[in-house]
Amino acid sequence: MLADTIAALATPPGEGGLAVVRISGPGALIVADQCFQPAGRTAKPPSAAPSHTIHFGHVVHDGHRVDEVLLAVLRAPRTFTREDVVEISCHGGTLVAKLVLGAVLAAGARLAHPGEFTQRAFLNGRLDLAQAEAVADLIHSRTDLALRAAHEQLAGGLSQRINHLRDDLMQALAHVEAHLDFPDEDIAPDTQAQLLVRLERGLAFMDALLRTAGEGQILRHGIRAAIVGRPNAGKSSLLNQLLGHDRAIVSPIPGTTRDTIEEAANIRGLPVIFTDTAGLRAGGDALEALEAEGIRRSHAALAKAELILHVLDASESLTPEDECHLAEFAGKKRLLVCNKTDLPPRLELPATAAPVVNVSCLTGDGLEALRDAIKSLAWFGQRKSDLSDLSEVTINSRHEDALQRAYAATERAIAALNASAGLELVALELRLAVNAVGEVVGKTTTEDLLDAIFSTFCLGK
Ligand SMILES: Nc1nc2c(ncn2[C@@H]2O[C@H](COP(=O)(O)OP(=O)(O)O)[C@@H](O)[C@H]2O)c(=O)[nH]1
Ligand SMILES: [Mg+2]
């Protein structure tokens, strides 16, 4: 247990119906006694209250009433941090919440760092590291799919699998180490065969987990899609349609969009960050500085994009600029969006392997089919795993790095076993593998790693 008592505003700053100040630590109830005056003559101080009860009264500071509040007493260990916790629900004004927090700090609590409540939950064994990360994923989830994956990870879906894998590798290691104690005896052929089966099974399992990394990346960070095409094709109109509101200025004047406009939308459960780009082509000698900067930003957006929506005007025939774009993005994941299908068709597309979707941003025709096409293109090839029981588990980049190291070490252990290279070497590699797998759930960690993870949390979590 950690010695000091921490406090923070647990709700977002700003105005709202309520704000919650959370206190956690061995002194949480003493702090509450100092700054809370229960209503009613016979009312007892928080430290005398049973666990999981709520009390009406006032927060006081320097003898003054700061706010009328409800105070929840939650005694260890049945709390989020496994420490004594007090939660004060006060009125949700910026100043009120600040004054209540001020009263709590004056009563002896220290202001918490970002993620410190969750860090304590981890350090006190309430959550493992993968579950703690899932708390942040849950808060940052922007779509139902992302939320479901976060819930599964918080419930221990990934942790159980990792622990199982780690146990398996540890048993193999124990086996090898037992033989090291008796250097005269060679490892029996059938024992060696069993060991190899165990390690191959571990490899296959790591491989299946590693294959969920692409999906995990998309669910957590979204996928970037750039909208490109020649002036007036309807790029800004398309962005507005996909977002469901008028974000970008639409006009018949070519070159209206000078800056890149970026906004996220939920496309069939995937967070997709769309960028509406200015033109990509220089306008000849009269190229203004402003236009040049717009073009520069468009190219930067394109470099970051994982997906290209190339908008073409279906009511006009193909221009040299269109052909340039068709050639330029041939190597990228792209969709050809033929817009303005409400007008008489004039466009003839050359044969291409890229999927084509016909839409009208004026009438909204084809937009649903476009959403389907974006999802299948973004998602395609992400989950290469055929293990159906991994359906909701997706690893993050930290897990991916640890599992890649574990995979490589296990491969080297297998090679050493097969080459009869000496059991010391096998044991060494297996120890590396066990430790790397353990990093995922936090069985093997360093302070730097913990700081890096928890500092990305929001304040009060
Ligand atoms: N008839 C028709 N006009 C459209 C459609 N989509 C866009 N436009 C018009 O085309 C012009 C250029 O649109 P805009 O979205 O600004 O194109 P951008 O330059 O590629 O961003 C505007 O006058 C729009 O009203 C469509 O589906 N049908
Ligand atoms: Mg535009």
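Quick caveat: nothing in here was measured; it's all calculated off a predicted structure.

Chemist: Can you tell me about the overall build of the protein chain, naming the residues and giving the values?
Modeler: Within the protein chain, the secondary structure is distributed over 15 helices and 13 strands. Dimensions of the protein chain, computed from C-alpha atoms along their principal axes, come out at roughly 80 × 80 × 40 Å. Relative to its 461 residues, the protein chain shows a buried fraction of 41%. Long-range contacts, defined as pairs at least 24 residues apart, comprise 66% of the intrachain contacts of the protein chain with a sequence gap of at least 6.

Chemist: Tell me about the sheet that holds strand β6 (residues 85-91), and name the residues and values.
Modeler: Ordered in space as β3-β4-β5-β6-β2-β1-β7, the seven strands form an open sheet in which the pairing is mixed. Edge positions in the sheet fall to β3 (36-38) and β7 (110-111), since each has one partner strand and no second.

Chemist: How would you summarise the nonpolar core if you had to cite specific residues and measurements?
Modeler: Counting residues in hydrophobic clusters, the biggest one holds 118 residues, and the most contacted among them are Val21, Ile23, Val100, Val104, Val337, Leu430 and Val437. The element contributing the most residues to this core is helix α14 (residues 423-441), with ten residues. Contacts of Val100, omitting those with residues within four sequence positions, involve Val21, Val59, Val66, Asp67, Ile88 and Cys90.

Chemist: Could you give an account of the pairing of strand β11 (residues 307-313), with specific residues and numbers?
Modeler: In terms of residue burial, β11 counts as a mostly covered element, since six of its seven residues are buried. Of the pairings in the sheet, the one linking strand β8 (residues 223-228) to β11 comprises four bridges and is parallel in character. When the bridges of β11 are listed, Val228 appears paired with His310. Handedness of the crossover is the feature at issue here: the chain leaves β11, passes through helix α11 (residues 320-328), returns alongside strand β12 (residues 334-339), and the resulting connection is right-handed.

Chemist: Could you give an account of the site of ligand 1, naming the residues involved and the relevant values?
Modeler: The local shell around ligand 1 holds 20 residues, among which Gly234, Lys235, Ser236, Ser237 and Leu362 are the closest. Partitioning the shell around ligand 1 into residue classes produces seven nonpolar, ten polar and three charged.

Chemist: Before we move on, could you go through the sheet that holds strand β9 (residues 261-267) and cite the residues and values that matter?
Modeler: Ordered by their spatial adjacency, six strands build an open sheet running β9-β10-β8-β11-β12-β13, and the pairing between neighbours is mixed. Among the strands making up the open sheet, the edge pair consists of β9 and β13 (356-358). Strand-to-strand twist in this sheet, taken as the mean axis angle between neighbours without regard to direction, amounts to 25 degrees. By the bridge criterion, six bridges tie β11 to β12 in an arrangement that is parallel. Across the sheet, Leu309 pairs through a bridge with Leu335, a residue of β12.

Chemist: I'd love a proper account of helix α3 (residues 116-123), names of residues and values included.
Modeler: In an α-helix, one turn spans 3.6 residues; hence positions three or four apart end up facing the same way. Of all eight residues in α3, seven are buried, a share of seventy percent or more. Among the residues of α3, those classed as buried are Glu116, Phe117, Thr118, Gln119, Arg120, Ala121 and Phe122. Of the surrounding elements, those touching the buried residues of α3 are β1 (6-9), β2 (18-24), α4 (129-140) and α15 (447-454). Phi turns positive, to about 80 degrees, at Gly125, one or two residues after α3.

Chemist: Lay out the environment of Val85 with the relevant residues and their values.
Modeler: Relative to the helices and strands, Val85 is located in strand β6. The exposure class assigned to Val85 is buried, which follows from the 23 C-beta atoms found within 10 Å. In this structure, the C-alpha to C-alpha distance between Val85 and Leu74, residues eleven residues apart in sequence, is 5.0 Å. Residues within four places of Val85 in sequence aside, it is in contact with Arg22, Ile23, Ser24, Ala28, Leu74, Thr79 and Phe80.

Rules of the game
- Residues numbered from 1 in each chain as written.
- Chains lettered and ligands numbered in written order.
- Predicted model: local features only at pLDDT ≥ 70, side-chain atom pairs only at ≥ 80, totals over all residues.
- Helix = DSSP H or I, 4+ residues; strand = E, 2+ residues; numbered from the N terminus.
- Buried ≥ 20, exposed ≤ 12 C-beta atoms within 10 Å, placed from the backbone.
- Contact = placed C-beta atoms within 7 Å.
- Pairing = 2+ DSSP bridges.
- Core = buried A, V, L, I, M, F, W, Y, C linked by C-beta atoms within 7 Å.
- Right-handed = clockwise from strand over helix to strand, strands pointing away.
- Near = placed C-beta within 6 Å.
- Nonpolar A, V, L, I, M, F, W, Y, C, P; charged D, E, K, R; others polar.
- Axes fitted to C-alpha atoms, helices over the stretch in contact; angles between N-to-C directions.

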